[in-house]
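Report on the structure
Chain by chain, the residues run as shown.
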Amino acid sequence: MEAQTALIGHNRPADATPVKMATRDLDVSYGAIQALAGVELDIRENEVTALIGPSGCGKTTFLRCLNRMNDTIEGCVVSGLVTLDGHDIYDRSLDVVQLRARIGMVFQKPNPFPKSIYDNAAYGPRIHGLAANRDELDEIVVTSLEKAGLWKEVRDRMGEPGTSLSGGQQQRLCIARAIAVSPEVILMDEPCSALDPIATARIEELIDELRENYTIVIVTHNMQQAARVSQRTAFFHLGQVVEMGDTVELFTNPQDERTQGYITGRFG
Amino acid sequence: MTEFAESRGHVGTNDGAARRARRHAAERRFRLYGILAIVVAVSFLVLLLGSIAVQGYTAFTATQIRLDVTFEPEVIDPEGTGDPELWAGADYGALIRHSLGARFPGVREPEEVRALMALISSGARFDLRDMVLDDPGLIGTTRSVWLPAAADIDMLVKGITPRDVPEDARRVKDNQIAWLDALVAEGAVKRALHLRFFTAGDSRTPERAGIWGAIVGSFYTMMVTLALAFPIGVLTAVYLEEFAPKNRWTDLVEININNLAAVPSIVFGLLGLAVFLNVYHLPRSAPVVGGMTLALMTLPTIIIATRSALAAVPPSLREAALAIGASPLQVVMHHTLPAAMPGVLTGTIIGMARALGETAPLLMIGMVAFIADIPGGPSDPATVLPVQVFLWAGSPERAFAEKTAAATLVLLVFLIAMNGLAVYLRKKFEKRW
Amino acid sequence: MVIDKGALLIGKFLAIVAVVAFAAAAEAREEIRIAGSSTVFPFATMVADEFGQTTGFKTPVVESTGTGGGIKLFCAGVGAAYPDIVNASRRIKESERAACAENGVAAITEIKFGFDGIVIANARSAPRFDLTLRQLFLALAKRVPRDGELVANPYRRWREIDPALPDTKIEVMGPPPTSGTRDAFVERAMEGGCGTFPEIAALKHADKPAYQAVCHTIREDGAYIETGENDNLVVQKLGANPNALGIFGFSFLNENADRLQGSLIGGVEPSFENIAAGIYPISRSLYFYVKNAHVGIIPGIADYVRAFTDERTWGPSGYLANRGLIPLPEDERRAARAAALRLAALQPAAMGARGEPPVPAPGVRAISGSSLLLVAAVLVILSAIGYAMGRRRALAAVAGAVGKLHSLPGHYGYYVAIWCGLPGFAAFVLWLVLEPRIIEALVLAGLPEAIIDQSVGGVDVLLDNIKSIARGEIPGRAVSPALEAAAERYNRLDRIGFAGLAATVLALATGGLAYGQRAIGPALRARNRVEAVLRSALAASSVLSILITVGIVLSLLFETIRFFDLVSLTEFLFGLDWSPQTAIRADQVGSSGAFGAVPLFAGTLLITLIAMSVAVPVGLFSAIYMSEYAAPGLRAALKPALEILAGIPTVVFGLFAALTVAPIFRDAGQILGLDVASESALAAGVVMGLMIIPFVSSLSDDVINAVPQSLRDGSYALGATKSETIRRIILPAALPGIVGAVLLAISRAIGETMIVVMAAGLAANLTANPLEAVTTVTVQIVTLLVGDQEFTSAKTLAAFALGLVLFLMTLMLNVVALGVVRKYRERYD
């Protein structure tokens, strides 16, 4: 535990941006099963933070804590501190709806709504009332589809069901859907795990472009991907953060032998 | 609400606190509608069940009157033959008459004697007969016997019919009340558990009427219905949803099935009459035919529910099974159908519940009938619980009102048992994906 | 695997059920069968009960079918399948007797057994009425004379008829036009009052139809409230509404004297003594009819009739009188008793002691159901053996190395079992269907032509008779030697046929077994073969629904065609007036009848709309709450609890609607200054809506629950609230299933009768006002089918026409609904 705190302190890159989200002493359990124990992590603005680690180590659980998606799971107990811009997001008076509008999420499996492509992208703006009229809504939809790099492919078939797109397109639609609400943070849970290399490359490019405007947290099993897209990486093991630091440094010079073992493929 | 810095995208848009408050209000309203709906439905259910229970619980007890009955040999076996065959035909009413006569020696006029006799159930003589046939040793002895009171007396004792109205507005007259009060005073009147209600078949004498015949009839009928409607319904739905080509023929079948669901139940009765009775000459009033007729009625419900449950199973599940080399039939039987089972069971339970409560189609095939004997099998004449409720509800005798409610309670127990089984099965199968 | 096995087991079970059913068909009958009037039912059952208790015979089975339906059954033929006795609240009509004779039921014995007084009563809390027949007529007729001409009945309050009467609204609850009670009331009371107007009385001879049209037609503007045949309900409604009067049988007044008082008619009280003495003017005779041909065949008929006509039963101090039957005068009783005893003399000399069925002549023996059962059982056992053998052989072929087999060992087992069972079963079914036809043809061919030509009622009746003789239900010598010979021939052929069947089935089964067994080898694609069979079984089961539809259409079609011979199609489809007040008995002619079905369909629509506007919101919100908000434990309890609503008998809902909900609405209406009829579409619709909640809630809950969690997550992650997610994502995704659930609920609402009869009445008003009484198509179907009128009258046939038209209309609705759903689904899937 002390080592971790130290790590966070020591590996701060020189051009460090402000901390956007932070967790302190975060414990999560599902009934009797402890999923996370004492996780302390800082997520910095306009950076891509990658979460790596073997399956079942608590990456996804951690991610779902950041926008309180764990609320929807029966029997999930969260304790500790999670902050967004210094405010506790588990504060009882906090409005989850507003929180999630600020922290978007993209899931492992593309999950477009059974609606048209347009309606998928327009869903968030509609519920949050982000557009005053149809023109504004069209603009939001187009912009977010453009940002997600999907616009050119779907501009002629906006009325078709989102489910009719290919897997990679579906995932970009889900990203566009998340972007459309103008979140500050985007959480991505293995967004490329169901995609082919070409689609994956498209999404990775996209993540890199999005970094300019958004803070991104991405869970991935793919070490190369983490190395390619992220500036900062955290290694999770058995519900704890073993090591956290600059991506390049973590991959070239891991401090912990568990991290080294994992990234060199000796276990996990 | 915590002051939460408005983020850049949201600054200047109308997603202000007011809008969020509105959305949350809408959320609370929506949830309230849900609660209201549940409250309406449940309170109606409770009200209904409560009113039935309040009306019906009295039928589980019955008034009995203690008499000292002498089993006179000269009445039971006037010729002294000692032949039990003849004892069965003896006038056991005379034993009651003599016993009452001994208790109230002043009553001599034929009219009065009849009124006095009317205190005791007209069926009590059969009870005495059965006692003698069971134990011939009784003959010649005097025993203190609790005999069932007549229904009119029972109603009076239970306070269901009033005493405080003019004599001409009462079925129980002043002299009868006086005799009854005399019997009460000496502790010869009690209310006891009315077991006969659960063990006897139907009778036109309220105090002798029981529900067992209808329970047995309902049981056989439901068994036949379930055995036919469930497999055929599920198989049909599986075929239509999983195997049938999507063409005009399947459209026709689908529309046709939806339409069958809207056919009034009595029309199924007409169909049952035409096919099962007139063409195949199956026996009238038999649970087999009732069950088959109700199965026809229940089929559409099961098919429709099963189809929508099957349609809701994600395609990925089928693909996964197909991918490991399962045949389409194995996919359905091992994966799709078990995954759809909760919905299938819901359809089945709703369809069966309706079949259990249905009377109209049974009218046509002769099950709306007075049948006193307990059916010994699915082809014996029988009636079912809702028909029993229906018939008792239409009987002039006041005492049948409580029996009607009590029979409904029994029907509900039946229904709850059936539901319980379905709930258990549903729980076993249910999952969210 | 388990389910495969289950499917096969179920198939076997179905076969067994079918066989049991067929087997049961041939059994002879030991108990007396009685059908007919619901008015006679309480008395007949009382006698039947006593008869069963005090004699060695089984208790007779008494059906309550209505007089018309009962006579139709009774007259359908001679033999165990037809009732022995019919109860009637009116005399049998000549046309019915003719129909009877046509079917070989020529000799019937009529027994009039008493009177039923028809009383007009109200709650004891209200003042007692003393009415004249003339006042009754003025209060209830559709048209009344005023200033020398006939006008639509203008009277709304009793005082307007006579200042001496109370100043209350005219509200009279009475039976519908299909009822014998109504018929008697019209004839005794209405016609009696009508005759007091000289101008109408003059019509009687000049223009009888016009006279009866005036005298026999009851108003339909709401003052006369048509209720169902449940007199208890009327009794209880009167208790709740002191202003109303009710018309029903004396026995109900007799039982409820503490709540009700009978109105005096012309100063005469409706007491037992007055009705018996004939001083009280409104009463009618009750009858039952015995089929002479059954006496001595079905055990106990003569004894039953003797018991019925015993003084202790039907005399002035008999047990029937105690329950409200008005006995016949003594001389009539004596005459009827004599007729009953003559019936006993009809017993064929061959009859043995009581209760024993006649012994069929030697050598004459029908094939019993149990031998069929035996064949089926052998077939099942052979298939089971086939399964075991196939499995074993497949394993043996590869020396236990299952991997070398193309399919699982069990599949080889099923393969052999199917080869063994299926051909045999097919032969069995074919035999069940064809054998009777073939034998009938052979027997007929063997009969002298003269007999066929002479037979009354044609070949069918003749065959029926022969079969009855063959089963020993009619002693052959009571008919004719030729028929007896035919019966013997019938049985012989039956036995030969059966032996042929047994041999064929066994040969097919063993042959199939051997073939299947030989075919087994590691390369045999057993699974594919077995599955092909199962798939065709699946397809076959879907054909069943089409067969049901065909059956329904056929069972409605013939009567419908007959109906349209009597009533024109345009009048039926577009007529705005539903008033089936045609005559029930033979000597009545002319009273009006109108068969415009529009008000019925409008009423159906109105009540269904009300019901759905309760059931859909409550059911859907319940479903949403259960699946999205409630804790799992609560959901597990709530769902089955609501499902109980679907299974409560509708009689109970009906009573609740009529006695609890309707008065609440009426009182609320009074407070608001609205005129709510005591029977209103609203009360019936609301209660019906509550009843069908589970159809919406449970089925919707299932489909909502089946919406993938990932969609919810996607929506929540965007910051949608729960309700937004439900409204915008979940409900649209679940829509096809929800639509299906709602359609099912609508179907249930259309088909419901009891609630409507009890709470909304039977009056066919063409109105969109939910506060008025309306009636529905299904209610009319049931009422018409169980009425006391002749079965072949337009009134009964209308039921079939209504059924068919309703069927076609819902069919069209479903076509439209499917189109809509499909369009919607295509957009989203």
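Keep in mind it's a predicted model, so treat the numbers as computed, not measured.

Moving on, we get to the overall build of chain C. Helix and strand content of chain C: 33 helices and 15 strands. By sequence separation, contacts in chain C at least 24 residues apart represent 75% of the contacts at least 6 residues apart.

What follows covers the interface of chain B and chain C. Between chain B and chain C, the residue contacts involve 136 residues of the former and 138 residues of the latter. Between chain B and chain C, a total of about 12100 Å² is buried, with carbon and sulfur atoms accounting for 67% of that surface. Across the contact surface, chain B and chain C share six salt bridges. Linking C:Glu255 and B:Arg171 is a salt bridge whose minimum nitrogen-to-oxygen distance equals 3.6 Å. Our enumeration of links across chain B and chain C arrives at 34 residue pairs in polar contact (both at pLDDT 80 or more). Among the elements that make up the side of chain B that touches chain C, the one with the highest residue count is helix α1 (residues 17-56) of chain B (20 residues). Examined bridge by bridge, strand β4 (residues 369-370) of chain B and strand β2 (residues 61-63) of chain C share two bridges and lie antiparallel to one another. Counted as the bridge partner of B:Phe370 is C:Val62 from β2(C).

With that settled, the discussion passes to the pairing of strand β1 (residues 61-70) of chain B. Each regular strand carries side chains that alternate between the two faces of the sheet. Residues and elements named next belong to chain B. By the bridge criterion, five bridges tie β1 to strand β3 (residues 189-193) in an arrangement that is antiparallel. Residue pairing across strands places Ile65 opposite Val189, the latter belonging to β3. Direction of pairing for β1 relative to strand β2 (residues 142-148): antiparallel, over a ladder of seven bridges. Bridge assignment links Ile65 to a residue of β2, and that residue is Leu147.

The antiparallel open sheet is built from four strands, whose spatial order is β2-β1-β4-β5 (chain A). Sheet topology places β2 (33-44) and β5 (87-88) of chain A at the edges, where each strand pairs with a single neighbour.

Residue and element names in this part refer to chain B. Across the sheet, three strands lie side by side as β2-β1-β3; this open sheet has antiparallel pairing. In this open sheet, the two edge strands, each paired with only one partner strand, are β2 and β3. The mean inter-strand angle of the sheet, taken between neighbouring strand axes irrespective of direction, is 40°. In this fold helix α6 (residues 124-134) packs onto β1 and β2, with an angle of close to 135° to the strand it touches most, β2.

Residues and elements named next belong to chain A. At Asp25, a position not held by glycine, the phi torsion is positive, near 50°. By relative accessible area, Asp25 is classed as partly exposed at 46%. Unusually for a residue other than glycine, Arg68 sits at a positive phi of about 60°. Within the element layout of this structure, Arg68 appears in the loop between α2 (59-66) and β4 (76-84).

What follows concerns the state of the cysteines. Should the sulfur atoms of two cysteines be covalently bonded, the bond is a disulfide. Residues and elements named next belong to chain C. The final tally for this structure, using the stated rule, is two disulfides over all chains. Residue Cys194 pairs covalently with Cys215 via a disulfide, S to S 1.8 Å. On the sign convention where negative is left-handed, the bridge of Cys194 and Cys215, at about -60° about the S-S bond, is left-handed. Within this pair, whereas Cys194 is found in helix α7 (residues 180-194), its partner Cys215 is found in helix α9 (residues 208-216), the two being separated by 21 residues in sequence.

What follows concerns the domain arrangement of chain C. The domain architecture assigned to chain C consists of domain 1 (118-272), domain 2 (369-524) and domain 3 (601-794). Inter-centroid distance (C-alpha atoms) of domain 2 of chain C to domain 3 of chain C is 48 Å.

The next point concerns the nonpolar core. In this structure, C:Phe185 and C:Tyr304 are the most contacted members of the largest nonpolar core, which totals 321 residues. When residues in this core are grouped by element, the largest group, 16 residues, is from helix α24 (residues 598-629) of chain C. Not counting residues within four places of it along the chain, the set of residues in contact with C:Phe185 comprises C:Ile118, C:Ile120, C:Leu136, C:Leu140, C:Met190, C:Ile218, C:Ile247 and C:Ile282. Listed in part, the 44 residues of the second largest apolar core include A:Ala50, A:Val141, A:Leu150 and A:Ala178.

Glancing now at helix α13 (residues 301-308) of chain C. The α-helix winds at 3.6 residues per turn, so residues separated by three or four positions along the chain end up facing the same way. Counting buried residues along α13(C), six of its eight residues qualify, which places the element largely inside the surrounding structure. Here α13(C) has its buried residues at C:Ile301, C:Ala302, C:Asp303, C:Tyr304, C:Val305 and C:Phe308.

Residues and elements named next belong to chain C. The end-to-end C-alpha separation of α7 is 20 Å, in line with the 21 Å expected for 15 residues at 1.5 Å each. Along α7, the largest kink reaches about 30° and is centred on Val186. Burial analysis of α7 places 12 of its 15 residues in the buried class, which makes it a mostly covered element. When α7 is considered as a whole, its buried residues turn out to be Gly180, Thr181, Arg182, Asp183, Ala184, Phe185, Val186, Ala189, Met190, Glu191, Gly193 and Cys194.

What follows concerns empty space enclosed by the protein. Counted by the stated rule, this structure contains 13 cavities of 30 Å³ or more. If you add up the space inside the largest cavity, you get close to 750 Å³. In this structure, the largest cavity is lined by 40 residues; those nearest its centre are B:Phe390, C:Ser38, C:Ser64, C:Glu229 and C:Asn230. Those elements that place two or more of their residues in the lining of the largest cavity are α16 (360-364) and α17 (385-393) of chain B together with α2 (41-54), α10 (231-240), β10 (245-249), α11 (250-255), α31 (754-760) and α32 (777-785) of chain C. In the lining of the largest cavity, the residues fall into 19 nonpolar, 16 polar and five charged.

Take the pattern of salt bridges next. One pass over the full model with this rule turns up 63 salt bridges over all chains. The salt bridge involving A:Arg202 is made with A:Glu205; its shortest N-O contact spans 3.4 Å. Pair noted here: A:Arg202 and A:Glu205 are both in helix α8 (residues 197-210), with a separation of three residues, about one helical turn. Judged by relative accessible area, A:Arg202 falls into the partly exposed class, the value being 25%. Its relative accessible area of 42% is what places A:Glu205 among the partly exposed residues. Several salt bridges share partner residues, and in doing so they unite B:Asp152, B:Arg171, B:Arg204, B:Glu397, C:Glu255 and C:Arg323 into one network.

Let us look at the packing of aromatic side chains. Centre distance and the angle of the planes are the two values used to describe a pair of aromatic rings. Counted by the stated rule, this structure contains 33 aromatic pairs over all chains. By way of ring pairs, the aromatic residues C:Phe51, C:Phe57, C:Phe113, C:Phe288, C:Tyr304 and C:Phe308 are connected into one cluster. Stacked on the ring of A:Phe113, the Lys or Arg A:Arg177 has its end atom at 4.2 Å from the ring centre. The ring of C:Phe197 has C:Arg134 sitting right over it, with the charged end atom 3.9 Å from the ring centre.

Turning next to the side chain of A:Asn111. Assignment of secondary structure puts A:Asn111 in the loop between β6 (103-106) and α4 (117-128). Among all residues touching A:Asn111, those that are not within four sequence positions of it are A:Cys174, A:Arg177, C:Ser710, C:Leu711 and C:Gly714.

The next thing to look at is the environment of B:Ala151. Residue and element names in this part refer to chain B. Of note, Ala151 is situated in helix α7 (residues 151-157). For Ala151 and Glu397, which are 246 residues apart along the polypeptide, the C-alpha to C-alpha distance reads 8.6 Å. Among all residues touching Ala151, those that are not within four sequence positions of it are Pro206, Glu207 and Ala399.

We now examine the pairing of strand β6 (residues 143-146) of chain C. All names here are of chain C. Pairing geometry for β6 and strand β7 (residues 149-152), over four bridges, is antiparallel. The residue bridging Val144 from the neighbouring strand is Val151, located in β7. Where β6 folds back on β7, the antiparallel hairpin that results is connected by two residues, among which Asp147 adopts a positive phi of roughly 50°.

The rules behind each value
- Residues numbered from 1 in each chain as written.
- Chains lettered and ligands numbered in written order.
- Predicted model: local features only at pLDDT ≥ 70, side-chain atom pairs only at ≥ 80, totals over all residues.
- Heavy atoms only, no water.
- Helix = DSSP H or I, 4+ residues; strand = E, 2+ residues; numbered from the N terminus.
- Contact = heavy atoms within 4.5 Å.
- Buried area = accessible area lost by both parts, 1.4 Å probe.
- Salt bridge = Lys/Arg side-chain N within 4 Å of Asp/Glu carboxyl O.
- Polar contact = N/O pair within 3.5 Å; in protein donor to acceptor, adjacent residues only side chain to side chain.
- Pairing = 2+ DSSP bridges.
- Axes fitted to C-alpha atoms, helices over the stretch in contact; angles between N-to-C directions.
- Buried < 20%, exposed > 50% of the residue type's maximum accessible area, 1.4 Å probe, protein only.
- Disulfide = S-S within 2.5 Å.
- Domains from an automatic or database assignment.
- Core = buried A, V, L, I, M, F, W, Y, C linked by side-chain atoms within 4.5 Å.
- Expected span 1.5 Å × (residues − 1).
- Bend = angle between axes of the 7 residues up to and from the residue.
- 1 Å grid on protein atoms, 1.4 Å probe; cavity = no way out; pocket = protein on both sides within 12 Å on 5 of 7 lines; lining within 4 Å.
- Points joined across faces, edges and corners; volume = space filled by probe spheres on them.
- Nonpolar A, V, L, I, M, F, W, Y, C, P; charged D, E, K, R; others polar.
- Phe/Tyr/Trp six-rings, centres within 6.5 Å; stacked < 30°, edge-to-face > 60°.
- Lys NZ or Arg CZ within 6 Å of the ring centre and 35° of its normal.

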